[in-house]
Every structure is written in structure tokens, then in C-alpha cells.
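Inside the fold
Here are the chains, one letter per residue:
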Amino acid sequence: MHVGSEQTERGLAALVGRMAESFSRLVTQHLQLARLELTEDLKATGMNVALIVAFVPFILVGYAFACGALAAVLAPRVGWAGALGLVALLNLAAGGGGVAWALQRLKTRRMMDDTTDELSRSMAAFAAPAPVASGHALQGGDGHLFKEPTNGR
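An unreviewed UniProt entry lists the protein under the name Phage holin family protein, with Myxococcus landrumensis given as the organism.

Set out below in C-alpha cells:
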């Protein structure tokens, strides 16, 4: 009787060891995925921020040149104040549209979506009830079955 319980304890210890090793590997893989995905997301976000920065000089330079040129053309019809106002509105609308487009691209990008999906799947697997095994299995105190692998590991 003592030999059977010793063999059961070794099998259970091996099972717990494999489970801990598998869990450790899962956590490591999740961290690697998160690191890779964060790097990818930061690159994409950096590109969108660069687009915003690229449009800002167009707003400023366009405002200055257009105000000067168009105001000179419009000044005889609407006066200098009206001409400067119309030119300013035109340039601000164009530059603001470019910045709004880049901001919209930033808002639609989901950050770390693959990592979130993988973590959700892992948590669902941990939360799911253990399957009932058939064949040679050990039954724990809470009624769950621990199946002995065929190769004895």
C-alpha cells in the first residue's frame, strides 16, 4: 500500500511541476507578445504624431503667405481687414482638416489588441471547468480528475 501512495505522490508532484512550468511559459509568452505589440503600436503612433507635426508648418506658413498674397488681391473689394480674415479662415480650415484626419487615425488604432485577445483566451481557459478524463486518472479532494500521461512524464 505504501508503494502505491509513493508512486501517486511522485506522479502528482510531476503533474504539478509540469503545470507550473506550463504556466510560467504562458506568462513569458504573454510578456513577449505584449513587448512586441507595444513596440509596433508605438511605431504606428509615432508615425501619426509625425503626420500632425508635418501639418503644423503648413498651417503656419500657408497662413502667412496666403494672407499676404490673397489679402493684396481681395483688399480692393473688401478692405484689408476683410481680406486678411478670409485668407486666415481658408488656411486654418485646410490645416485643421489635416490635423483632424491624423487625430482620427490615432483614435481608431487599438493599442495592444493581440495581447488583450490572448490574455482573454488564457483567462477563459483557466476559468473553464476541467474536462472529465476517462481511463487511468487520479481524483483529487475536490472531485477534479488528474490524468496520468501515457509516457509517464
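The next subject is the overall build of the protein. The helix and strand tally for the protein stands at 2 helices and 2 strands. Along the protein, helices (α) and strands (β) appear in the sequence α-α-β-β when read from the amino end. In the protein, which comprises 153 residues, the proportion classed as buried is 14%. At a minimum sequence separation of 6, the contacts of the protein that also span at least 24 residues come to 62%. Put simply, the protein shows about 11300 Å² of open surface, and 68% of that area lies on carbon and sulfur atoms.

This part takes up the packing of aromatic side chains. Two numbers describe a pair of aromatic rings. These are the distance of the centres and the angle of the planes. Across all of its chains, the model carries 2 aromatic pairs by this definition. Judged by centre distance (6.4 Å) and plane angle (50 degrees), the ring pair of Phe55 and Phe58 falls under tilted. You can see Phe55 and its partner Phe58 sitting in helix α1 (residues 2–108), 3 residues apart, about one turn around the helix. Phe55 sits in the partly exposed class, given a relative accessible area of 25%. Centroid distance Phe55 to Trp101: 6.4 Å. Interplanar angle 85 degrees. Geometry classified as edge-to-face. Since its relative accessible area comes to 45%, Trp101 is described here as partly exposed. Connected via pairs of aromatic rings, a cluster forms that spans Phe55, Phe58 and Trp101.

A word on a nonpolar patch on the surface. A cluster of nonpolar residues, Phe23, Val27, Leu31, Met123 and Phe126, forms a patch on the protein surface that exposes about 510 Å² of accessible area. At the level of elements, α1 and α2 (113–127) are the ones that each hand at least two residues to the nonpolar patch. Per-element tally for the nonpolar patch: the top contributor is α1, with 3 residues. Secondary-structure assignment places Phe126 in helix α2.

The residue Asn48 is located in helix α1 in this model. Aside from chain neighbours lying at most four places away, what touches Asn48 is Ala102, Arg105 and Leu106.

Our focus in this paragraph is the side chain of Asp41. On the secondary structure map, Asp41 appears in helix α1. Excluding its chain neighbours within four sequence positions, the residues that come into contact with Asp41 are Arg109, Arg110, Met111 and Met112.

Glancing now at the UniProt feature "transmembrane region" (unreviewed entry) in the protein. In the numbering used here, UniProt assigns the feature "transmembrane region" (unreviewed entry) to residues 49–74 and 80–103. Span residues 80–103 is 100% helix and 0% strand, its end C-alpha atoms 34 Å apart.

Detailed reading of the predicted coordinates is not advisable wherever pLDDT falls low. Considering every residue of the protein, the mean pLDDT works out to 79; 78% of them sit at 70 or more. At the low end of the mean pLDDT range in the protein sits strand β1 (residues 137–139), at 51; at the high end sits α1, at 85.

Cut-offs and rules
Residues numbered from 1 in each chain as written. Predicted model: local features only at pLDDT ≥ 70, side-chain atom pairs only at ≥ 80, totals over all residues. Heavy atoms only, no water. Helix = DSSP H or I, 4+ residues; strand = E, 2+ residues; numbered from the N terminus. Buried < 20%, exposed > 50% of the residue type's maximum accessible area, 1.4 Å probe, protein only. Contact = heavy atoms within 4.5 Å. Areas by Shrake-Rupley, 256 points an atom, 1.4 Å probe, with all protein chains shown as cover. Phe/Tyr/Trp six-rings, centres within 6.5 Å; stacked < 30°, edge-to-face > 60°. Patch = residues over 30% accessible without salt bridge, like charges linked within 9 Å, V, L, I, M, F, W, Y side chains within 5 Å. Salt bridge = Lys/Arg side-chain N within 4 Å of Asp/Glu carboxyl O. UniProt positions renumbered as here; feature names shortened; annotations may be inferred. pLDDT = per-residue confidence, 0-100.

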